[in-house]
Amino acid sequence: MHKSTIISRRMLTAAIVLVLVGQACTLSLFDNPITPPGGSTPIPGGVVASPTPQVMAQTNFVVTLPEPLQANESLAIAIMDEVTGLSLSSTQYPMGPRDSITYTATLPLPYNSVVKYRYVRRSASQVLEDTNLGTAIRYRMYNVTGPSEVQDIVADWGDKSFARPTGKIEGHVYNADTGSPLPSILVTAGGVQYLTDSTGRFELNGLPTGTQNLLVYSLDGMYQTFQQGAAVADGNTTSVDLRVKPSQLVSVTFIVSVPANTVPGVPVRIAGNLLQMGNTFADLQGGVSTNADRMPVMGLQADGRYAITLGLPIGTHIQYKYTLGDGYWNAERREDGQWMLREFVVPAQDITVQDNVVAWLANGTSPILFEVSVPSVTPPGDIVYIQFNTFGWMEPIPMWPLGNNRWAYKLYSPLDILGSFSYRYCRNGQCGSADDGDTAGFAPAGRQAATSILSQDIQDTVGTWKWFENPEPVTLVGATITPRASGFLAGIEFQSTYRPNWSYYAPQAFSNTQALGANVAVLTPSWTYTKVAPLQFGPVPGQDPLWIDSAIMISQARALGLNVAIFPTPKFPASSSDFWLNAPRDAQWWLTWFARYRAFAVNYADLASQTGAQTLILGGDWVAPALPNGKLPDGNPSNTPADIDTQWKSVIADVRAHFKGQILWALPYTKSNLEAPLDFLKDTDGIYLLWSATLSTNPSATKVDYANEAGRLLDNEVAPLASLLGKPLILAVAYPSAAGSASGCIPDGKGNCLDWLALNRPNEDIGSVSLSLQTQADIYEAMLTAVNSRSWISGFISRGYYLPAALQDKSASIHSKPTADILWYWYPRLTGAVR
């Protein structure tokens, strides 16, 4: 099986789930449909799963602590429930001492299960373990293959740090049948986790010395779980290559009967521990890990039961529950009112699993029906969500459409633990960005509700949507536009911020892009720098799109006839400035930095190659300190290596070995960048010029003034570079919808200038900045006018598009703003689609 076959198989499985998820939005509450849009799910014959209890294996956990416990302290092992939420549901088992720092507990665990667990120090409060590098341990993992003993070492506690000898494990994960490297495979040891890149590479840093249980886990179950012991020595690196076997799929049909008090026709979802069952493997809002938008939706059958057939991998340990919300909200309960979590191991033949939801409600509670009317300007394709606040604002839940801009949601659980609580409404799950005008922002008080022994019907009205109060189209001014050659790029660059539920809204965003007349979508997938020293850089679930998420988005864009460019973009814990200023920047650090950037670039070169993306964009403004004669944000030299130009040439050569398409370099527009071009730019295929240039500092400046200044800068400063390199130059434009945008300095209210990215969603609104949709529209019209008369410019890209929702906010996104109407007029005429 080749790489393309591997990715196709995984994409097909994920795409089927996306289709099933999409069914939820086609149902109307109280219409009582008896089939999903594709027809009734056939109820197959064959094997029917029985309620036979699982066979258990006695598993003895032995853990060594960094120091003895205090007299008032005890130790427990917590078995984690990621389907409900790691911080919301776990079962703790007390551990007994073997000596002052060694504790044990023997637990009966299901054969062939993959158990997620961590250690907890208990006294008046609970303290969780963390890694030697001070990062939280989400959980450890162990594959139960029979009676066994598990040896663990607690490196640190959340409230204490200990100096101890450490080492690391690094290596690669391959397909055992084909030898192909496997991306996005979770590798873990000692609670440290890493997702492999396109070469299968992983690294686990800061592990205590001794033997660690090394486990390899496929997020979608498409490869069999593998584990082995790995010795870690002080200051040393243990290198290991691991080979995992692909799993075969069987059809598993889930059929469930729901309680009589279930509202007819509402979508019933399956929340589970696999990627295709809604698990994001991330710490989402409020402590949950599953996301309703990513869960498969069951179809209502003629007999009132719900059913769905999923392709699941043989031998995979499945944990799941039925829900009218996510793994926490409106999830099924047991007869005793406690959380329900079902589990089984997928057998080697097709099966039918028949279940019965005993209750949505906990004992002694009554449901609350929320009904809301929303403004008539709500975009027709939008979905209204409700978000609850208990331990903080949690993941929003999609409501049920009633028609005529009315939505409803009936809350059944967990009303037994809520009491008084707050809630709010938002569009497309983007609470904090696309909010009800009365409860907008990051930390609103919200609307108030309280549980009762009687059923309640709460009726609300959303008067306005924040940032979408009264959208009006712009008045377009005709222009004589010269069609360009077929290679001209007219496109949209999507912002690099990512949330797991954004994948659900990507198809509509690409459709909007196509409707503008654009011919290219620029995607900006990311990795995150989680630590400066030792340098740690890789994908973080929930913050960075997984490999399969990016692959599906590329496929969706290409299916609409769009070309795709990939512009890999890193994320930082605070800011890129802090990252560079705090980095050691000695010879060894730079060696590691280039190795990690190379892996980053090659990862996305492989993604582009395997998905048919046409262009890869390297560089960016953040990388400036790593260039020849690099300067730090404070103006001091960055102490780059003497062979820096050779390093960059080597990176580009490695990328070309993995990707045969077009390679562009993202170069920020500054006069110094253009006057002293980098030698390695000759090895690229063109320049992606990041343009937010000052067009006028005069508040009364007109579009003509903007166009004249843009033309002057392009002719005097940019054209010489384009001529020198003899390569295509694409203008990538970013101007927020804010007063001062044309001046190159949007005031932050403290005497400084804001980075344009600071105004992007989902960042919190900056009140000192004034909204000006017209300023952005005028700048775009002026820039397009300047480009129109300069045939040497090979493309025009709008940067910062906010994918999940239309907002007329202060950001650089043009999604449903007047500027989008301007692009709708210009793009098809520039590309020659309209003459």
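Above this text sits the structure in question.
Below, the structure is looked at part by part. Everything quoted here is computed from the prediction, not taken from an experiment.

The rules behind these values
- The residue count restarts for each chain, going from 1 along the sequence in the order it is written.
- Owing to the predicted nature of the model, reporting of local features is limited to residues with pLDDT of at least 70; listing and counting of side-chain atom pairs is limited to 80 or more, with chain, interface and lining totals taken over all residues.
- Note that water and hydrogens are dropped before the side-chain values are worked out from all heavy atoms of the structure.
- The axes are straight lines fitted to the C-alpha atoms, using for helices just the contacting stretch, and the angles between their N-to-C directions are given from 0 to 180°.
- Strands are runs of DSSP state E lasting at least two residues, helices are runs of H or I lasting at least four, and both sets are numbered from the N terminus onward.
- Relative orientations are named as follows: roughly parallel for angles under 35 degrees, roughly antiparallel for angles over 145 degrees, roughly perpendicular for angles from 65 to 115 degrees, and oblique for any other angle.
- The sense of a crossing depends on the near helix, which, turned anticlockwise from the far helix by less than a right angle, makes the crossing left-handed and, turned clockwise, makes it right-handed.
- What makes two residues a contact is simply this: any of their non-hydrogen atoms within 4.5 Å.
- Residues are grouped as follows: nonpolar covers Ala, Val, Leu, Ile, Met, Phe, Trp, Tyr, Cys and Pro; charged covers Asp, Glu, Lys and Arg; every other residue, Gly included, is treated as polar.
- A pair of strands is labelled paired if DSSP reports no fewer than 2 bridges between them.
- Three exposure classes are used, based on accessible area relative to the maximum for each residue type with a 1.4 Å probe and protein chains only: buried under 20%, partly exposed in between, and exposed over 50%.
- To be clear, the arc concerns the directions from the helix axis to the C-beta atoms.
- Side-chain atoms alone can form a polar contact between residues adjacent in sequence; in general such a contact is a pair of N or O atoms within 3.5 Å, and within protein one must be able to donate a hydrogen while the other accepts it.
- Each Phe, Tyr or Trp ring, with Trp reduced to its six-membered ring, pairs with another whose centre is within 6.5 Å; inter-plane angles below 30 degrees give stacked pairs, above 60 give edge-to-face pairs, and intermediate values give tilted ones.
- Here, a charge over a ring is recorded when the distance from Lys NZ or Arg CZ to the ring centre is within 6 Å and its angle to the ring normal is within 35 degrees.

Packing of helix α5 (residues 587-611) against helix α6 (residues 644-658) brings their axes to within 8 Å, and their N-to-C directions diverge by 25°. In terms of orientation, α5 and α6 fall into the roughly parallel class. Judged by the twist between their axes, the crossing of α5 over α6 is right-handed. Here Trp 593, Phe 594, Tyr 597, Arg 598, Ala 601, Val 602, Ala 605, Asp 606 and Ser 609 of α5 come into contact with α6, specifically with Ile 644, Gln 647, Trp 648, Ser 650, Val 651, Asp 654, Val 655 and His 658. Of the residues that constitute the contact of α5 with α6, the class distribution is 10 nonpolar, 4 polar and 3 charged.

Here the focus is the sheet that holds strand β18 (residues 237-244). Across the sheet, 3 strands lie side by side as β15-β12-β18; this open sheet has mixed pairing. Whereas interior strands pair on both sides, the edge strands pair on one side only; in this sheet they are β15 (201-208) and β18. Taking each pair of neighbouring strands and ignoring which way they run, the sheet shows an average axis angle of 25°. In this structure, strand β12 (residues 166-175) lies alongside β18, joined through 8 bridges in parallel fashion. By the bridge assignment for β18, Gly 171 is matched with Val 240.

Okay, helix α2 (residues 506-515) next. Within α2, burial applies to Ala 506, Ala 509, Phe 510 and Thr 513. Projection of α2 onto a plane perpendicular to its axis shows the buried side chains occupying an angular sector of 100°, all on one side. Considering only its buried residues, α2 is in contact with β34 (489-494), β35 (520-523), α3 (547-559) and β45 (795-801). Downstream of α2 by a residue or two, Gly 517 has a phi angle that is positive, lying close to 90°.

Okay, the environment of Pro 539 next. As for its position among the elements, Pro 539 is in the loop between β37 (536-538) and α3. Overall, Pro 539 belongs to the buried group, its relative accessible area being 18%. Distance from Pro 539 to Phe 600, taken between C-alpha atoms, is 9.5 Å for residues 61 residues apart in sequence. In this structure Pro 539 touches Leu 195, Trp 527 and Asp 544, once residues within four positions along its chain are discounted.

Attention now goes to the side chain of Thr 569. For Thr 569, the location among the structural elements is in the loop between β38 (563-566) and α4 (576-582). Polar side-chain contacts of Thr 569 include one of 2.9 Å to the backbone oxygen of Phe 567. Each residue touching Thr 569, except ones within four places of it in the same chain, is listed here: Ser 496, Thr 524, Pro 525, Ser 526, Trp 527 and Phe 600.

Once that is clear, we can look at the packing of α3 against α5. At their nearest, the axes of α3 and α5 sit 10 Å apart, and the two run at 40° to each other. Compared by their axis directions, α3 and α5 come out oblique. Here the hand of the crossing between α3 and α5 comes out right-handed. Where α3 abuts α5, its residues Trp 547, Ser 550, Ala 551, Ile 554 and Arg 558 lie against Asn 603, Asp 606, Leu 607, Gln 610 and Thr 611.

The next thing to look at is the packing of aromatic side chains. Applying the stated criterion across every chain yields a total of 55 aromatic pairs. Considering the side-chain rings of Tyr 320 and Phe 344, the 5.9 Å spacing of their centres and the 90° angle between planes classify their relative orientation as edge-to-face. Taken together, the residues span a long stretch of sequence, with Tyr 320 in strand β23 (residues 317-323) and Phe 344 in strand β24 (residues 342-345) at a distance of 24 residues. Overall, the relative accessible area of 3% leaves Tyr 320 in the buried class. Relative accessible area serves as the criterion here: at 13%, Phe 344 is assigned to the buried category. Its guanidinium or amino end placed over the ring of Trp 339, Arg 333 lies 4.4 Å from that ring's centre, counting from NZ or CZ. Geometry around Tyr 825 places Arg 829 over its ring, the cationic atom sitting 4.0 Å from the centre.

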